[in-house]
Amino acid sequence: MFLARRTLALRAAAPLARRFLSSRASAVLSALDIPTGGTHATPLPGVYDGAWGGSGDVLQSVCPSTGEVLAHVASASPEELHRALERTREAYVHFRSVPAPQRGEIVRQIREALAAKREEIGALVSLEMGKIFTEGVGEVQEFIDVCDYATGLSRMMNGRVVSSERPGHTILEVPNPLGVLGVLSAFNFPVAVYGWNLSISMAAGNATIWKPSPTTPLSSIAVTKIVSSVLEKNGIPGAVAGLVIGGKDVGEALVESPSVDMVSFTGSEQVGRIVGKNVQSRFGKVLLELGGNNAAIVMPDADLSLAVPAVFFGAVGTAGQRCTSTRRLYLHRAIAPEFLARLQKLYASIQPGDPLDPRTLLGPLHTRAGLAIYDAAIAELRAEGAEILAGGERYDSASLAGPLAGGNFVQPTVARPRGGGAPRTLWAAERFAPVLYVAEFEELEEAIAWNNAVPQGLSSSLWTRDIRNVGKWIGPAGSDAGIVNVNVGTSGAEIGAAFGGNKSTGWGRESGGDAWKQYVRWSACTLNFSDAAPLAQGVNFTT
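Please read all numbers here as calculations on a predicted model, not as lab measurements.

J.: Give me the overall build of the protein chain: which residues, what numbers.
T.: Counting its secondary structure elements, the protein chain contains 16 helices and 24 strands. The C-alpha radius of gyration of the protein chain comes to 25 Å, within 12% of the 24 Å expected for a compact globule of 543 residues. Considered along the principal axes of its C-alpha atoms, the protein chain spans approximately 90 × 60 × 40 Å. Classification of the 543 residues of the protein chain by burial places 55% in the buried group. Long-range contacts, defined here as pairs at least 24 residues apart, represent 74% of the contacts in the protein chain between residues at least 6 apart. Both charge centroids of the protein chain, one from 48 positive and one from 50 negative side chains, sit 2 Å from each other.

J.: Break down the packing of helix H5 (residues 118-128) against helix H8 (residues 217-233) for me, with residues and values.
T.: In contact at an axis separation of 9 Å, H5 and H8 are set at 160° when each is read in the N-to-C sense. With respect to their mutual orientation, H5 and H8 come out roughly antiparallel. As H5 runs across H8, the sense of the crossing is left-handed. Residues Ile121, Leu124, Val125 and Glu128 of H5 form the contact with H8, whose participating residues are Pro217, Leu218, Ser219, Ala222, Val223 and Ile226. When grouped by side-chain class, the residues that make up the contact of H5 with H8 number 8 nonpolar, 1 polar and 1 charged.

J.: Tell me about the side chain of Thr490, and name the residues and values.
T.: Structurally, the position occupied by Thr490 is in the loop between strand S20 (483-486) and strand S21 (498-499). Polar contacts involving the side chain of Thr490 include one to the main-chain carbonyl oxygen of Thr324, which spans 2.7 Å. Of the polar contacts made by the side chain of Thr490, one reaches the side chain of Thr326; its length is 2.7 Å. Aside from chain neighbours lying at most four places away, what touches Thr490 is Asn294, Ala295, Thr324, Ser325, Thr326, Ser459, Ser460, Ser461 and Asn485.

J.: So what about the environment of Gly419? Which residues, and what values?
T.: Counting through the fold element by element, Gly419 comes out in the loop between strand S16 (413-416) and helix H14 (425-428). You can call Gly419 exposed: its relative accessible area is 67%. It is 9.2 Å that separates the C-alpha atoms of Gly419 and Ala386, two residues lying 33 residues apart in sequence.

J.: Go over the pairing of strand S17 (residues 435-441), please, and point to the residues and values.
T.: Each regular strand displays side chains that alternate between the two surfaces of the sheet. Counting buried positions along S17 gives 6 out of 7 residues, so the element sits mostly inside the fold. The pairing of S16 with S17 spans 3 bridges and is classified as parallel. Bridge pairing in S17 links Val414 to Leu436.

J.: Just give me the short version of the sheet that holds strand S5 (residues 69-74), but keep the residues and values in it.
T.: Within a sheet, each strand pairs with its neighbour through backbone hydrogen bonds, oriented either parallel or antiparallel. Strands sit in the order S1-S5-S4 across an open sheet of 3 strands; the sheet is mixed. The sheet is open, and its two edges are formed by strand S1 (44-45) and strand S4 (58-62), each paired on a single side. The pairing of S4 with S5 spans 5 bridges and is classified as antiparallel. Of the residues in S5, the one forming a bridge with Leu59 is Val73. Contacting S1, S4 and S5, H8 crosses the sheet at an angle of about 65° to S5.

J.: Summarise helix H15 (residues 444-452); cite the residues concerned and give the values.
T.: For H15, the set of buried residues is Leu444, Ala447, Ile448, Trp450 and Asn451. Considered in projection along H15, the buried side chains sweep an arc of 160° and stay on one side of the axis. Where the residues of H15 are buried, they touch strand S13 (294-298), strand S14 (326-332), S17, strand S19 (459-463) and helix H16 (467-474).

J.: Tell me about the nonpolar core, and name the residues and values.
T.: Residues Leu124, Leu127, Met202 and Leu218 are the most contacted members of the largest nonpolar core, which totals 76 residues. Excluding residues that lie within four positions of it along the chain, Leu127 makes contacts with Arg24, Ala25, Val28, Leu29, Cys63, Pro64, Leu70 and Leu356. Ala319, Leu371, Val414 and Trp473 belong to the second largest nonpolar core, which has 58 residues in total.

J.: An account of the pairing of strand S7 (residues 169-177) is requested, with residue identities and associated values reported.
T.: Note that strand S6 (residues 160-163) and S7 share 4 bridges and pair antiparallel. Along S7, the bridge assignment pairs Val161 with Leu172. In this antiparallel pair of consecutive strands, S6 and S7, the connection spans 5 residues, and Gly168 shows a positive phi of 70°. Bridging between S7 and strand S24 (residues 520-528) involves 9 bridges; their strand directions are antiparallel. Bridge pairing in S24 places Val174 opposite Ser523.

J.: Describe the pattern of salt bridges, and please don't skip the residues or the numbers.
T.: Tallied over the entire structure, the rule returns 25 salt bridges. Lys131 is the partner of Glu139 in a salt bridge, and the nearest nitrogen-oxygen pair spans 2.7 Å. Taken individually, Glu139 and Lys131 each receive the classification buried, so the pair is uniform in this respect. Measuring nitrogen to oxygen at the nearest pair gives 3.2 Å for the salt bridge that ties Glu387 to Arg416. Of this pair, Glu387 sits in strand S15 (residues 387-390) while Arg416 sits in strand S16, placing them 29 residues apart in sequence. Since its relative accessible area comes to 40%, Glu387 is described here as partly exposed. It is possible to trace a salt-bridge network through shared partners that takes in Arg333, Glu387, Arg416, Glu440 and Glu442.

J.: Mind laying out helix H3 (residues 78-95), listing which residues take part and the relevant values?
T.: Residues spaced three or four apart along an α-helix point in a common direction, a consequence of the helix completing one turn every 3.6 residues. For H3, with 18 residues, the first-to-last C-alpha span of 25 Å sits near the 26 Å given by 1.5 Å per residue. Buried residues of H3: Glu80, Leu81, Ala84, Leu85, Thr88, Ala91, Tyr92 and Phe95, and no others. Each buried residue of H3 sits inside an arc of 140° when the element is viewed along its axis, so together they form one side. Of the exposed residues in H3, the ones pointing more than 90 degrees away from its buried face are Glu79 and Glu90.

Criteria and thresholds
Residues numbered from 1 in each chain as written. Predicted model: local features only at pLDDT ≥ 70, side-chain atom pairs only at ≥ 80, totals over all residues. Heavy atoms only, no water. Helix = DSSP H or I, 4+ residues; strand = E, 2+ residues; numbered from the N terminus. Rg over C-alpha atoms; globule rule 2.2 N^0.38 Å. Buried < 20%, exposed > 50% of the residue type's maximum accessible area, 1.4 Å probe, protein only. Contact = heavy atoms within 4.5 Å. Lys, Arg positive; Asp, Glu negative; His and termini not counted. Charge placed at Lys NZ, Arg CZ, Asp CG, Glu CD. Axes fitted to C-alpha atoms, helices over the stretch in contact; angles between N-to-C directions. Parallel < 35°, antiparallel > 145°, perpendicular 65-115°, else oblique. Left-handed = near helix turned anticlockwise from the far one by under 90°. Nonpolar A, V, L, I, M, F, W, Y, C, P; charged D, E, K, R; others polar. Polar contact = N/O pair within 3.5 Å; in protein donor to acceptor, adjacent residues only side chain to side chain. Pairing = 2+ DSSP bridges. Arc of directions from axis to C-beta. Core = buried A, V, L, I, M, F, W, Y, C linked by side-chain atoms within 4.5 Å. Salt bridge = Lys/Arg side-chain N within 4 Å of Asp/Glu carboxyl O. Expected span 1.5 Å × (residues − 1).

Below you can see the structure in the form of structure tokens.
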């Protein structure tokens, strides 16, 4: 029934001047019990600390596909933020004493509640962020998967026993809940990044306060409503999973607050540097997920039937707005002409469309600011004489049906800059848009050097069937990124392994692997069960 409402014809969308939402948007919001009649005078509450509120600046949620204003949301005032932090700390004091398996059971119930609304939340992500429906649903699935993982972890967040050199002694390394986690998430994954942090942090016994991107407030409100309903059913304070929507001032206050023991920040390298310095200056813990200027390398023995579609998805998926999007492509000269011919054919086939239509593969950029980033990247390429192999323009209104003419649609672009792939400014800066740079190489070592020459180190991909190339690529002289794939694209990581990057990507790790160890405080506990008290290292301090 929801799918039928979701795929209503776009001609039903209202002109921007109208007060009421289009039926397209209303169907998505109503399915999640988000009021559709909110105006600037009566905005939706954007603060949750066990109760809903919001009396700060009023923000707009704007649909990037049409330009339609979806809702007005009241952000957190300074007083409300202070109160939310106090309540989050109080909630932590309660929650840390709940046995870990019981915390895991609560996470499991959150998983079930999310799964029951998976398509509805996915549609909201598509409506508000702009990614296509299958990616919106996939993002919610990622949250669901991490809940499964965290539920299991709740019985396995183990310390260890260390042998002592002293008779009658043993040493324990013990993890305990850390405290309050502040999550500052970005617009491009308005649900999943919070899910990575909340699930594992909650299993570890922490309370979380979420400051989402100010351009995706509805996604955070919908998720918080679902999570809070589970907490309420279990008699857990709602501030265990609080929400403070706001702009730069709210983010700065969270980062600087000594009440926040750890900050998880996802965003630009520029802001990440500020966040890292501020949190470190007060000796808090910080987890950074920053820029990703990701490269794919294709060897002459690669299976192009796999490599070409993977590069296409990596560069075009989410309109090039994933941190793992493929932005650099290094092709061996022997296969470059064939690879590019196949890739250009795919680029020529793609058409922009409504992200809520399951047939659409290309949605809009998230904001008008994103259009400016795209325009600047294309202008830079043209100024330096690069060869534009595909795209290179915004879509004109004639290419867009009805209300989509008000959207932020651009042509995915492939360009061959002059001078190859040697390190320089053009290759080193991440452009958050669907722009793919191409260069050709002769030897794998040359391509690896180009891969590693940029400041960022998030994801990388090598396409080959030669095990010797694989050994070089994943070894000490290979890729220096946090994600080093072979015959897998740069984009679309699973949750089981730790996700994160090196260098200016921030060195943070989230989701699987040993990432959970960041969300606890560790203590080394030496136990003496003997009748003597010897000192370590044979020190004798007797009179």
